[in-house]
Amino acid sequence: MSPTRISGSISTDDGALPPLAASPHAHGGVSVAQVMLRVMLALTPATLFGFWLFGWPAINLFAVTVGACLLAERFCERLMGRRSSLGDGSALLTGWLLALSLPPWAPAWIGLLGGFIAIVVGKQVFGGLGQNLFNPAMVARVALLVSFPVAMTQWVVPQPLFSAAAPGFIDSLRITAEAPAHPDAVTSASLLGHSKTELSRGVAIPDAIASGPQALFDWAGMRTGSLGETGALLMLAGGLYLLASGIIRWHIPAAVLAGIALPALIGHAVDPARYLSATQHLLSGAALLGAFFIATDYVTSPNTPAGQLVFGFGIGFLTWIIRSWGGYPEGMAFAVLLMNALTPVIDRYCRPRILGRRRDGRALEPTPLDNTGGA
Amino acid sequence: MGILDRFLRTARFSGGVHPDDHKRPAADAPLRVMPPPARLYVPLVQHIGSPARAVVAVGDHVRKGQRIGEPQGAVSAAIHAPTSGRVIAIGDIVAPHPSGLPVRGITIESDGRDEWCELEACDDPFALDPAEIGRRVARAGVVGLGGAAFPSAVKLSGGLGARVELLIINASECEPFLSCDDRLMRDRAAEAVDGIAIMLHATGAREARIGIEDNKPEAIAVMRAAVAGHARIRVEVIPTRYPMGSEKHLILVLTGREVPAEGRPSDIGVVVHNVGTAVAVRNAVRFGRPLVSRLVTVNGACVREPGNVEVPIGTLAGEVLAFCGGLRVDHGGPARLLLGGPMTGMQVPTLEVPVIKGTGGILVLDAAEVGEGDGGPCIRCGDCMRACPVGLLPLEIAARVRVGEVDKAAGFGLADCIACGCCAYVCPSRIPLVQYFHHAKGELAARTRGTQRNETIRTLTRAKAERLEREERDKAEALARRAAASLAAAAAAKQSAPVTEKVAEDANEESGVCA
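The residue numbering used here restarts from 1 in each chain and proceeds along that chain's sequence as written. Chain labels run from A onward and ligand labels from 1 onward, assigned in the order the entries are written. It should be noted that, the model being predicted, local features are given only for residues of pLDDT at least 70 and side-chain atom pairs only at 80 or more, the latter also being counted only at that level, while totals for whole chains, interfaces and linings use all residues. Excluded from the side-chain calculation are hydrogens and water; included are all heavy atoms of the structure.

## Some points on the overall build of chain A
Reasoning step 1: Assigned secondary structure in chain A consists of 15 helices and two strands.
Reasoning step 2: When a residue's accessible area, from a 1.4 Å probe over protein chains only, is under 20% of the maximum for its type it is buried; when over 50% it is exposed; and in between it is partly exposed. Here chain A holds 375 residues, and 53% of them are scored as buried.
Reasoning step 3: Any pair of residues with heavy atoms lying within 4.5 Å of one another is described as a contacting pair. Sequence-distant contacts in chain A: of pairs separated by 6 or more residues, those separated by 24 or more amount to 76%. Helix and strand assignments come from DSSP, with helices taken as H or I runs of at least 4 residues and strands as E runs of at least 2, each series counted from the N terminus.

## Overview of the overall build of chain B
Reasoning step 1: Along the backbone of chain B there are 15 helices and 17 strands.
Reasoning step 2: The principal-axis extent of the C-alpha atoms belonging to chain B is close to 105 × 60 × 50 Å.
Reasoning step 3: In chain B, the proportion of contacts linking residues at least 24 apart, taken out of those at least 6 apart, comes to 73%.
Reasoning step 4: Residues scored as charged are limited to Lys and Arg (positive) and Asp and Glu (negative), so that His and the chain ends carry no count. Where a charge sits is defined by one atom per residue type, namely NZ (Lys), CZ (Arg), CG (Asp) or CD (Glu). Charged side chains in chain B number 61 positive and 61 negative. The centres of these two groups are separated by 2 Å.

## Details of the environment of Val-403 of chain B
Reasoning step 1: On the secondary structure map, Val-403 of chain B appears in the loop between helix H11 (394–402) and helix H12 (406–411).
Reasoning step 2: When the C-alpha atoms of Val-403 of chain B and Ala-261 of chain B are compared, they prove to be 27 Å apart, with 142 residues separating the residues in sequence.

## Quick look at the domain arrangement of chain B
Residue and element names in this part refer to chain B.
Reasoning step 1: Along its sequence, chain B is carved into domain 1 (1–30 + 136–288) and domain 2 (34–119 + 295–372).
Reasoning step 2: Here the C-alpha centroids of domain 1 and domain 2 sit 24 Å apart.
Reasoning step 3: Between domain 1 and domain 2, the residue contacts involve 31 residues of the former and 33 residues of the latter.
Reasoning step 4: As used here, buried area is the combined drop in accessible area, with a 1.4 Å probe, of two parts when they are placed together. For the pairing of domain 1 and domain 2, the buried interface totals around 2300 Å² over both sides, and the portion due to carbon and sulfur atoms is 63%.
Reasoning step 5: In the sections that follow, a salt bridge refers to a side-chain nitrogen of Lys or Arg positioned within 4 Å of a carboxyl oxygen of Asp or Glu. Inspection of the domain 1/domain 2 interface yields one salt bridge.
Reasoning step 6: Taking the shortest distance from any N to any O, the salt bridge between Glu-310 and Arg-188 comes out at 2.7 Å. All domain edges in this entry derive from an automatic or database-based domain assignment.

## What to know about the nonpolar core
Reasoning step 1: Core analysis: the largest hydrophobic core is formed by 76 residues, its most contacted members being Leu-43, Leu-97, Met-235, Val-256, Leu-289, Phe-293 and Ile-315 of chain A.
Reasoning step 2: Take this core: its biggest share by element is twelve residues, from helix H1 (residues 32–54) of chain A.
Reasoning step 3: Once residues lying within four places of it in the same chain are set aside, the contact partners of Val-256 of chain A are Ala-291, Ala-295, Gly-312, Phe-313, Ile-315, Gly-316 and Met-332 of chain A.
Reasoning step 4: Working definition of a nonpolar core: buried Ala, Val, Leu, Ile, Met, Phe, Trp, Tyr and Cys residues. They are joined through side-chain atoms within 4.5 Å. By size, the runner-up hydrophobic cluster in this structure holds 52 residues, among which are Leu-252, Leu-395, Cys-423 and Ala-440 of chain B.

## Here we look at the UniProt feature "binding site: [4Fe-4S] cluster 2" (unreviewed entry) in chain B
Residue and element names in this part refer to chain B.
Reasoning step 1: UniProt positions are given in the numbering used here, feature names are shortened, and annotations may be inferred rather than shown by experiment. Here the UniProt feature "binding site: [4Fe-4S] cluster 2" (unreviewed entry) sits at Cys-388, Cys-417, Cys-420 and Cys-423. Spanning 36 residues, the named residues nonetheless gather at one spot, since no C-alpha pair among them exceeds 10.6 Å.
Reasoning step 2: Judged by relative accessible area, Cys-388 falls into the buried class, the value being 8%.
Reasoning step 3: Not counting the four nearest positions on each side in its chain, Cys-388 is found in contact with Ser-14, Gly-15, Gly-16 and Pro-394.
Reasoning step 4: Here Cys-423 is to be found in helix H13 (residues 422–426).
Reasoning step 5: The residues contacting Cys-423, other than those within four sequence positions of it, are Cys-384, Pro-394, Leu-433 and Phe-437.

## Concerning helix H11 (residues 251–270) of chain A
Residue and element names in this part refer to chain A.
Reasoning step 1: With 20 residues, H11 should reach 28 Å at 1.5 Å per residue; the first-to-last C-alpha distance of 28 Å fits that figure.
Reasoning step 2: All buried positions along H11 are accounted for by His-251, Ile-252, Pro-253, Ala-255, Val-256, Leu-257, Gly-259, Ile-260, Ala-261, Pro-263, Ala-264 and Gly-267.
Reasoning step 3: Where H11 is buried, its residues contact helix H12 (278–283), helix H13 (287–294), helix H14 (305–325) and helix H15 (332–349). To estimate how far a helix should extend, the number of its residues minus one is multiplied by 1.5 Å.

## What to know about the sheet that holds strand E10 (residues 207–213) of chain B
Residues and elements named next belong to chain B.
Reasoning step 1: Paired strands, in this sense, are two strands between which DSSP finds at least two bridges. Strand order in this open sheet of four strands is E11-E10-E9-E12, and the pairing throughout is parallel. Across the chains shown, the open sheet's two edge strands, defined by having one partner strand only, are strand E11 (233–238) and strand E12 (270–274). Pairwise comparison of adjacent strand axes, ignoring direction, gives a mean angle of 25 degrees for this sheet.
Reasoning step 2: Where E10 lies against E11, six bridges are found, and the strand directions are parallel. Residue pairing across strands places Ile-210 opposite Val-235, the latter belonging to E11.
Reasoning step 3: The strands touched by helix H4 (residues 180–203) are strand E9 (166–170), E10, E11 and E12; relative to E9, the strand with the most contacts, the crossing angle is about 160 degrees. To get an axis, fit a line to the C-alpha atoms, keeping to the stretch in contact for a helix; angles then go from 0 to 180 degrees between the N-to-C directions.

## A few points about the interface of chain B and chain A
Reasoning step 1: Taken together, the contacts link 80 residues of chain B with 58 residues of chain A.
Reasoning step 2: For the chain B and chain A pair, buried surface summed over both sides reaches about 5500 Å², with 56% attributable to carbon and sulfur atoms.
Reasoning step 3: Where chain B packs against chain A, one counts five salt bridges.
Reasoning step 4: Across the salt bridge formed by Arg-357 of chain A and Glu-262 of chain B, the nearest N and O atoms sit 2.7 Å from each other.
Reasoning step 5: Polar contact criterion, stated in full: a pair of N or O atoms within 3.5 Å, where within protein one must be able to donate a hydrogen and the other to accept it, and residues adjacent in sequence count only if both atoms are side-chain atoms. Our enumeration of links across chain B and chain A arrives at 18 residue pairs in polar contact (both at pLDDT 80 or more).
Reasoning step 6: Residue contributions to the side of chain B that touches chain A peak at five residues, all from helix H6 (residues 247–255) of chain B.
Reasoning step 7: Residues were grouped as follows: Ala, Val, Leu, Ile, Met, Phe, Trp, Tyr, Cys and Pro as nonpolar; Asp, Glu, Lys and Arg as charged; and all remaining residues, including Gly, as polar. For the side of chain B that touches chain A, the class distribution of residues is 42 nonpolar, 18 polar and 20 charged.

## Here's the deal with the pattern of salt bridges
Residue and element names in this part refer to chain B.
Reasoning step 1: Scanning all chains against the criterion turns up 49 salt bridges over all chains.
Reasoning step 2: A salt bridge links Glu-372 to Arg-336; the shortest N-O distance between them is 3.4 Å. With a gap of 36 residues between them, Glu-372 in the loop between helix H9 (367–370) and helix H10 (383–387) and Arg-336 in strand E15 (residues 336–339) connect regions that are remote in the sequence.
Reasoning step 3: Overall, the relative accessible area of 47% leaves Glu-372 in the partly exposed class.
Reasoning step 4: On the accessibility criterion, Arg-336 (11% relative accessible area) is buried.
Reasoning step 5: One salt-bridge network, held together by shared partners, links Arg-24, Asp-28, Asp-182, Arg-186 and Glu-218.

In structure tokens:
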């Protein structure tokens, strides 16, 4: 380098010019993997609570489901000759969400099959990350629920780790490996399932809950349900963390919860014998998991605030309809898939206003400055 | 500025980003003036519009400030010798552009004396006719120094047709790394305000507002002091947010008015000039001094002595860097050489590109500053949509461009994109969105040109057919007339011959017009 002048090009070691990049020549530093990591962090408290509540079989199922998703992802990418994208964390997250929506003591084959369905059918056949129309975890859950209704509705009564009744690690392997469900498991109904069954027998909901098993509803989460259902308040905390850290916006969760709560409030006020209360709705099933973690999936939800409100409210309302009048006790997964299908339509009609244009796309009329020179 | 006021202003435009500004310590380093190097490479096009035409020949001796390029057409700018010396070549020089393709320019070998030519000074610019100010600014080759390099005289002297109510001085300098406007205001506030007063006089606007982002407290203080005696000039402190310096956004924040899409600020009675341009206008009008140098921010982790330098136009980037102590090669060495800021500036392949009138910065960034990383597919997170200050859906536009559906991309408002780069800055998948949009805009422009060409060919073909037809008809008519005339001549053979000649001449003349 001469002291007076630097000449020549900035070149790489082998003398080749670096490839020219378009602007901007700066980046905010956020990566897809970071986003996924934050979501997993938000899920961790509720998941750990579920692990504690349901013990080793639940941990086994979680590991199998997540493992199946990772394997399926790698398998598909190898088949397509693509480089591995396991590092972005999206397959791991899909497995995680699916595991949270399964009965905690479901046998291993449920998790294995579910993981493969989620990744292969739900995601990779569409072209991989970002291309799928439907939420992969919900595709798998619905496929499992429709195909194996018995295995998918065996809700075990909580047997916390280290409690006397809880199976040890070795026993848990037997429980996880066996099919059908292990006879040791004291199964029970979840709140939504129990009230639906009793209602169909003509028992009013307050009586059904009063006469039902003790673990139907509990603010602290000591109740039957899926991993993601019991720790509802921890799930809410995780969701609020996602909101605070800017990973998700408030529109979808608020609209989902409003979509469930508003009709539930009205229904319960009109006929308490027929309809569950808003609180029971919001803290049961996948309401909070769905509102904060499933419906907010970037790929399968609309982008604009208006679109997100429509989408979220649709999910909430459909969930309430299915729970109240449908054949299945829980409707979140179906509602999410239905609204996923509407996402392209919602996106088409909900667009932001472009600067200098009206909503319909025509240019604004010039508004000359007034005498005060504007605001 | 009160909290409420601040909130209202911030709320006026949605989107935008807050990149690390990296402006200090370069902004705080004292201004340095670089002497002219041995050779200067002066491109004939440094502005928006038609290139200038060289008016000197190889071997000519020129003095500093002497006009060497004549503007051509309505939108063009004159080019002047940045120092005194000899013209040693008129031909191709490397364009300050990513392509590194040649551009026509004049190479001057300095004689080391840096002698000005005779300049036409003016003691009282406010006594001049506004049109005359425009002419003087045009003669000085002043262009917008904010980066777009639009010939300033066109915007100053009512060339836009509409009445100007408000003059906005863009001193927001929202691009990270750049601080030449900040430095200019700190060191030459009085000159800038004098220039703004001259511009007020030239445009006929009632008042001027100087928009400065709140990350430049020193500049705000000195500018406030400098405008103290001017009732019609105000300093407005605006929130720091990129792209605050975008013309339409600055107007929105300062007036609350939106410039209509496809329109110009003058549509709502506003004209926007950069603060550096104000100083150039002052120099042009008061001293007749053409624009032959400018402040350039030399910055980036790879520059040894970052700071702001007054550089003669035509100096090679490598020489400016050498003046700033050269490049550091530690921490991975230079990753990217840029002209302009990191958000909208362009990467150039070599250091042998000249500084031109629109060059606000020479940046040599390392890998960490560029933030290089692996990309991936779009996950539709919508961050680009939230970052877009124009209200576009970059993810949807990019998805269309990706599969070649440029028309559909245009349907999503591609033409309204200002290429600010916010979308790509926030994209977690690091999709080069701006590159997609440039590509699609180019494609659309090429298509429009193609359509225009076809249209022109069709019009010309039709005109030719009509002309041929007309000629045939005229010829036939002329023949018939001639035949009739000769008949008449034969019939009137006994009468005077000159009349017959007159008829024949008329016929010839008629066909001659149509030929």
